Amino acid sequence: MSPSPPSNGPAAERPQTCRAKWAPPAWLLEVARDDDSLIAELIDIFKTSTETSLQQMRTALAAVEVPKLRTEAHKIKGSAKQVGADALAEVCLALQLASSLTEVSRLGELVDRCQELFDETESAMTSYSNDNKAGDHAAPLLRWGE
């Protein structure tokens, strides 16, 4: 039996990475069933607003403006939950909570993790959009670890 890794290392602080195909949450599929462009529009809005918030987070981090960093993490968390990007939302929540308890130099790791998860989510959303251009919204919902 091999010893388990210590629970206080960097891996313990990171939520599991989502490497699955992304699909819109059920509520969005229901709302958009008669409007193929609605999902594409929502994806575009999510990407644009999240990119802006991530840049604002980096600016706030550099200026040591923790309240601004917390606000931007909160914005991303809410929109990520809405579109089914749960791993990103979890890291944003961790960043919100850590911003009150952690030294600023360590917050950069969480900002970097937010960027990584956003990049994965953006790529998955783009793949979904490309695969569903013909209006096929019958794809399964989120599948983790595939």
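The preceding data block contains the structure.
Attention here is on the structure that accompanies the text. These figures come from a predicted structure and were not determined experimentally. Along each chain, residues carry numbers from 1 onward, in the same order as the chain's sequence is written. Where local features are concerned, this predicted model is filtered to residues with pLDDT of at least 70; where side-chain atom pairs are given and counted, the filter is 80 or more; whole-chain, interface and lining totals use all residues. Values reported for side chains reflect all heavy atoms of the structure, with hydrogen atoms and water molecules removed beforehand.

## Side note on helix H5 (residues 86-101)
Part 1: In this text, helices come from DSSP runs of H or I with a minimum length of four residues, and strands from runs of E with a minimum of two, each type numbered from the N-terminal end. Given the number of residues in a helix, its expected span is that number minus one, multiplied by 1.5 Å. Over its 16 residues, H5 extends 23 Å from the first C-alpha to the last, a length consistent with the 22 Å expected when each residue adds 1.5 Å.
Part 2: For H5, every residue scored as buried is listed here: Ala87, Leu88, Ala89, Val91, Cys92, Leu95, Gln96, Ala98 and Ser99.
Part 3: Throughout, a residue-residue contact means that at least one pair of heavy atoms, one from each residue, lies within 4.5 Å. In this structure, the buried side of H5 is in contact with helix H3 (36-62), helix H4 (66-83) and helix H6 (104-131). Any residue under 20% of the maximum accessible area for its type is buried, any over 50% is exposed, and the rest in between are partly exposed; the area is computed with a 1.4 Å probe on protein chains only.

## Some points on unusual backbone geometry
Part 1: The phi torsion at Val64 lies on the positive side, around 55°, for a residue other than glycine.
Part 2: Tracing the backbone shows Val64 in the loop between H3 and H4.

## Considerations on H4
Part 1: With 18 residues, H4 should cover 26 Å at 1.5 Å per step; its first-to-last C-alpha distance of 26 Å lies within 8% of that length.
Part 2: Residues of H4 that are buried: Val66, Leu69, Glu72, Ala73, Ile76, Lys77, Ala80 and Val83. Seen along its axis, H4 keeps its buried residues to an arc of 145°; they face one direction. Along H4, the residues that are exposed and aim more than 90 degrees away from the buried face are Pro67 and Lys81. Along the arc lie the directions from the helix axis toward the C-beta atoms.

## What about the pattern of salt bridges?
Part 1: The working definition used for a salt bridge is a side-chain nitrogen of Lys or Arg within 4 Å of a carboxyl oxygen of Asp or Glu. As enumerated under the stated definition, the model contains 6 salt bridges in all.
Part 2: Lys68 is the partner of Glu72 in a salt bridge, and the nearest nitrogen-oxygen pair spans 2.7 Å. One end of the pair, Glu72, and the other, Lys68, are both in helix H4, 4 residues apart, so they sit about a helical turn from each other.
Part 3: Taking relative accessible area as the criterion, Glu72 reaches 2% and is therefore assigned buried.
Part 4: With relative accessibility at 30%, the residue Lys68 sits in the partly exposed group.
Part 5: Note that Arg113 is salt-bridged to Glu116, the shortest N-O span being 2.7 Å. Taken together, the positions of Arg113 and Glu116, both in helix H6 and 3 residues apart, correspond to about one turn of that helix.
Part 6: On the basis of relative accessibility, which here comes to 5%, the residue Arg113 falls in the buried class.
Part 7: With relative accessibility at 32%, the residue Glu116 sits in the partly exposed group.
Part 8: Put simply, Lys68, Glu72 and Lys75 are held in one network by salt bridges that share partners.

## Notes on the state of the cysteines
What we call a disulfide is simply a covalent bond connecting the sulfur atoms of a pair of cysteines.
Part 1: When two cysteine sulfur atoms are found within 2.5 Å, that pair is recorded as a disulfide. Here the structure, examined in full by the defined rule, presents 0 disulfides.
Part 2: In this structure Cys92 is not part of a disulfide, and its nearest cysteine sulfur, from Cys114, lies 3.7 Å away.
Part 3: Classification of Cys92 as buried rests on a relative accessible area of 0%.

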